[in-house]
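Structure at a glance
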2 protein chains.
Amino acid sequence: MNTSPVDDALLALAQSFREALRQSVYVMRRLDSEEQLSSAQLGVLKMALDGGARVGGIARNLGVKVPSATEQIIKLERAGLVRREADPDDSRAVRVAATAAGRAAVENADRRRNEYIAGILGTLGQAERDAVEAALPVFDKINNSLQNQARN
Amino acid sequence: MNTSPVDDALLALAQSFREALRQSVYVMRRLDSEEQLSSAQLGVLKMALDGGARVGGIARNLGVKVPSATEQIIKLERAGLVRREADPDDSRAVRVAATAAGRAAVENADRRRNEYIAGILGTLGQAERDAVEAALPVFDKINNSLQNQARN
DNA sequence: TATTCATATTTAGGTATCCTAACAGTTAGG
DNA sequence: CCTAACTGTTAGGATACCTAAATATGAATA
C-alpha cells in the first residue's frame, strides 16, 4: 500500500519508454549495417568538420571512452576521411580534421539516411508527425540526464 | 530547385529523429552495462515467461538472426534462468521456458530499470511527460516500419 | 515407400564495438 | 627541476552480431 497512482503512472511510462528505446537500438543497428559508415563514425566525422576536434572531446561527445574514439578515428583516417594533426597549442593533444573526401562522405551519408527515414515519416499522419516533433526535444533532455548521471 | 518545403521539413525531422536514436543507443548501452541481464536477454526472458517460446520466434521478435538468439538463450540457460525443452508437436523445434529463478530475475530487472527511468521522467514537467507519452506509440509504429522494411 | 525439398536449431568462424590497464609524451604547479 | 595531472595510443579481452555449414525432423510427391 505504499505506491501512489502517480508513481504507477510514471513506472508504466518508464516501461513503455524502455521498450521504445530497445527497439530503436535494433533499428539503428539495421540502418548502420546497410551503410559504409557506422553512425558512430558519422558522428566523429561531423565533429571533425569544423577543422579541429580533439580526441577526448570526440569521445565525450560520443559517449564512449577515449580508446574507443581513437579506434574509430584511425579507421576514418585509413579511409582517407579525416587527418590527425598536432595541436599547435598543446602538443599532447591531437586535432582531428575532416578531409574533402570526409566532407563529401558526411553529406552523402546524411542525405541517404535522412531520405530513408523521411520516407517512413512521410507515411505518418500530420498529427503523428507533430507528436514526434514535440517529443524529440524531451527525448534529448532525457538522454542528456541519463548520460550525465552515468558519467561518473 | 526540385525540393518542396514539405520535403525539407520531413528531412529536417528525419535528421533530428536520427540524432535522438543515436543518443538512445548509447543510453541503452550504459543502462545495460550496469545490470546483470542485458536488455536483449531480458527480452528473451520475457518471451519465455509464458512457458514456451520457440527460438525462431524469439529471434524474429528480438530483431536478430537465429544463431544470435541461440547464443543468448544458452547464456540464460547456463545462468539457470530458462530451460530448453523439446517441442511435443514438432521435434525439430525447441521450447524455451523461464524457470522460477528466471521469473524472479525478470521482475527484479524490470523493476530496477523502470524505477531508474521513472526517476528521470519524474524531473520532467507534465507537458513534457505528455509529449513523451503521445509520441511513444508513433515511435513504435516507426520502429515497426523500419524493422519490416529491413526484413528481406 | 523412397526421395527430395523445406524448416528448426546448433556449431564454427569471423567482424565490429566497446572496455580497462598499461605506456609514452607534455604541461603545469610547487 | 620534479612530480602530479592530462592527452592520447597500444595491448588484450569481452560481448553481441552475422554468414555459412552441419544435423535432424517434417512434409510433399513420385
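As shown above, the structure is provided for reference.
The structure contained in this document is the topic of the report that follows. Everything numeric here is computed off the predicted structure, so don't read it as measured data.

Calculation criteria
- Residues numbered from 1 in each chain as written.
- Chains lettered and ligands numbered in written order.
- Predicted model: local features only at pLDDT ≥ 70, side-chain atom pairs only at ≥ 80, totals over all residues.
- Heavy atoms only, no water.
- Near = heavy atom within 4 Å.
- Polar contact = N/O pair within 3.5 Å; in protein donor to acceptor, adjacent residues only side chain to side chain.
- Helix = DSSP H or I, 4+ residues; strand = E, 2+ residues; numbered from the N terminus.
- Nonpolar A, V, L, I, M, F, W, Y, C, P; charged D, E, K, R; others polar.
- Pairing = 2+ DSSP bridges.
- Contact = heavy atoms within 4.5 Å.
- Buried area = accessible area lost by both parts, 1.4 Å probe.
- Salt bridge = Lys/Arg side-chain N within 4 Å of Asp/Glu carboxyl O.
- Expected span 1.5 Å × (residues − 1).
- Buried < 20%, exposed > 50% of the residue type's maximum accessible area, 1.4 Å probe, protein only.
- Arc of directions from axis to C-beta.
- Least-squares fit on C-alpha atoms with pLDDT ≥ 70 in both.
- Phe/Tyr/Trp six-rings, centres within 6.5 Å; stacked < 30°, edge-to-face > 60°.

This paragraph deals with the protein's contact with DNA strand C. S68, K75 and S91 of chain A together with T70 and R84 of chain B are the nearest of the 23 residues found near DNA strand C. One of the side-chain nitrogen or oxygen atoms of S68 of chain A is found 2.6 Å away from a phosphate oxygen of DNA strand C. Elements represented by at least two residues in the surface near DNA strand C include exactly α4 (66-78) of chain A together with α1 (5-33), α3 (55-62) and α4 (66-78) of chain B. Residue contributions to the surface near DNA strand C peak at five residues, all from α4 of chain A. Across the surface near DNA strand C, the residue classes break down as eight nonpolar, six polar and nine charged.

Let us look at the sheet that holds strand β1 (residues 53-54) of chain B. Residue and element names in this part refer to chain B. The three strands lie next to each other as β1-β3-β2, forming an open sheet whose pairing is antiparallel. Two strands lie at the open edges of the sheet, namely β1 and β2 (82-86), each paired on one side alone. Summarising the sheet, β2 and strand β3 (residues 94-98) pair through five bridges and their orientation is antiparallel. Paired with R83 across the strands is A97, a residue of β3.

This part takes up the protein's contact with DNA strand D. Surrounding DNA strand D, one finds 24 residues, the nearest of these being T70 and R84 of chain A together with S68, K75 and S91 of chain B. Backbone atoms, meaning sugar and phosphate, form 75% of the atoms of DNA strand D found within 4 Å of the protein. A distance of 3.5 Å separates a base nitrogen of DNA strand D from a polar side-chain atom of E71 of chain B. Of all elements in the fold, only α1 (5-33), α3 (55-62) and α4 of chain A together with α4 of chain B reach the threshold of two or more residues within the surface near DNA strand D. Classifying every residue of the surface near DNA strand D by side-chain character gives nine nonpolar, six polar and nine charged.

When the parts come together, some accessible area is lost, and that loss is often what is quoted as the size of the interface. Contact with chain A, which involves 58 residues of that partner, is made by 58 residues of chain B. Note on chain A versus chain B: buried area summed over both sides is about 6,000 Å², and carbon and sulfur give 69% of it. The salt bridge partner of E128 of chain A is K141 of chain B, with a shortest N-O separation of 3.1 Å. Counting the contacts that link chain A with chain B gives 10 residue pairs in polar contact (both at pLDDT 80 or more).

This paragraph deals with α4 of chain A. Residue and element names in this part refer to chain A. Here α4 contains 13 residues, and its C-alpha end-to-end distance of 18 Å stays within 8% of the 18 Å for a straight helix at 1.5 Å per residue. Listing the buried residues of α4 in full gives A69, Q72, I73 and L76. Projected down its long axis, α4 shows its buried positions confined to an angular sector of 100°, all on one face. What points out from α4, more than 90 degrees from its buried face, is the exposed set P67 and R78. Where the residues of α4 are buried, they touch α2 (39-47), α3, β2 (82-86) and β3 (94-98). Phi turns positive one or two residues past the end of α4, at G80, with a value near 80°.

Here we take up the relation of the copies chain A and chain B. Each copy of the sequence occupies a distinct position, and chain A is placed on chain B by a rotation of 180° and an axial shift of 0.0 Å, giving an RMSD of 0.1 Å. The superposition of one copy onto the other is thereby described by a two-fold rotation axis. Closest approach to the rotation axis among the C-alpha atoms of chain A is made by V25 of chain A, whose C-alpha sits 2.6 Å away. Of the interface residues in chain A, 100% have counterparts in chain B that sit at the interface too, so the contact is made through matching surfaces.

Another aspect to go through is the packing of aromatic side chains. For the coordinates displayed, the defined rule picks out three aromatic pairs over all chains. Between the aromatic rings of F17 of chain A and F139 of chain A, the centroid separation amounts to 5.2 Å while the plane-to-plane angle is 45°, which identifies the pairing as tilted. Highlighted residues: F17 of chain A in helix α1 and F139 of chain A in helix α6 (residues 126-149), separated in sequence by 122 residues. A relative accessible area of 2% places F139 of chain A in the buried class. Through pairs of rings, three or more aromatic residues link up here, namely F17 and F139 of chain A together with F17 and F139 of chain B.

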